[in-house]
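# Structure at a glance
Now for the letters of each chain:
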Amino acid sequence: MPISLPVDDDANELLSRNALALLIAMLLDQQIPLERAFAAPAELVRRLGHEPTAEELASFDPERLVAVFGEKPALHRFPKAMAARTQALCQALVASYDGDASALWSTASSGPELLKRVSALPGFGEQKAKIFVALLGKRMAVQPSGWREAAGAYGDDGSFMSVADITDEESLGRVRSYKQSLKAAAKKK
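In this text, all values refer to a predicted model and were calculated from it rather than measured experimentally.

The residue Pro 41 is located in helix H3 (residues 34–48) in this model. Excluding residues within four positions of it along the chain, Pro 41 makes contact with Leu 14, Leu 15, Ala 21, Ile 24 and Ala 25.

Now for the pattern of salt bridges. Any two side chains of opposite charge can pair, so long as their charged atoms come close to each other. If you walk through the whole model with that rule in mind, you get eleven salt bridges. In this structure, Asp 157 engages Arg 148 in a salt bridge whose closest nitrogen and oxygen atoms are separated by 3.7 Å. Taking the relative accessible area as the measure of exposure, Asp 157 reaches 66% and is therefore exposed. Taken together, the shared-partner salt bridges connect Glu 43, Arg 46, Arg 47 and Glu 71 into one network.

Taking 1.5 Å of rise per residue, 14 residues should cover 20 Å, and helix H9 (residues 126–139) covers 20 Å from first to last C-alpha, within 8% of that figure. Taking burial as the measure, the 14 residues of H9 include twelve buried ones, the bulk of the element. The complete set of buried residues in H9 reads Lys 128, Ala 129, Lys 130, Ile 131, Phe 132, Val 133, Ala 134, Leu 135, Leu 136, Gly 137, Lys 138 and Arg 139. Looking at the buried residues of H9, the elements they touch are helix H2 (19–28), helix H7 (103–106), helix H8 (111–119) and helix H10 (147–151).

What counts and how
- Residues numbered from 1 in each chain as written.
- Predicted model: local features only at pLDDT ≥ 70, side-chain atom pairs only at ≥ 80, totals over all residues.
- Heavy atoms only, no water.
- Helix = DSSP H or I, 4+ residues; strand = E, 2+ residues; numbered from the N terminus.
- Contact = heavy atoms within 4.5 Å.
- Salt bridge = Lys/Arg side-chain N within 4 Å of Asp/Glu carboxyl O.
- Buried < 20%, exposed > 50% of the residue type's maximum accessible area, 1.4 Å probe, protein only.
- Expected span 1.5 Å × (residues − 1).

So, in structure tokens, the structure goes:
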């Protein structure tokens, strides 16, 4: 099942077939527009001249990786911090999954186990982990037993709460409206 986000076709194609690219995009999806976060892996590939492996990024010279992330336009608002988080993510994948990002979910026996694995990754807090489980279930057909429950409300059918629910411009608008309502409610408190 292909990813279809409001990014270019090359970026969507990469996200649909490259597990590491999808994880990096999700990692970068904070404090920048989701379009920018989910287009960043394709831009990283362009800058490197090839699709990097987790092993390559795990052992990449940290200063050089910061330079790649910081090249204009920067891959993230905080290129230094996100280059370090990307490297830490890849190091965790190498240590726990022999560098195979898809093994994170392909070998999970249940939704709760999948959530536990994603939550253990650097840069993935509770909410981001639940959203990623929902993204895997809804968009990538990764549906171990109990995945919807593990994803919480993000796993609900027909919800428009996160990137897991975006399939077109209309659903993007609905997700943005939901997020704006959360921000408005938080300001009132």
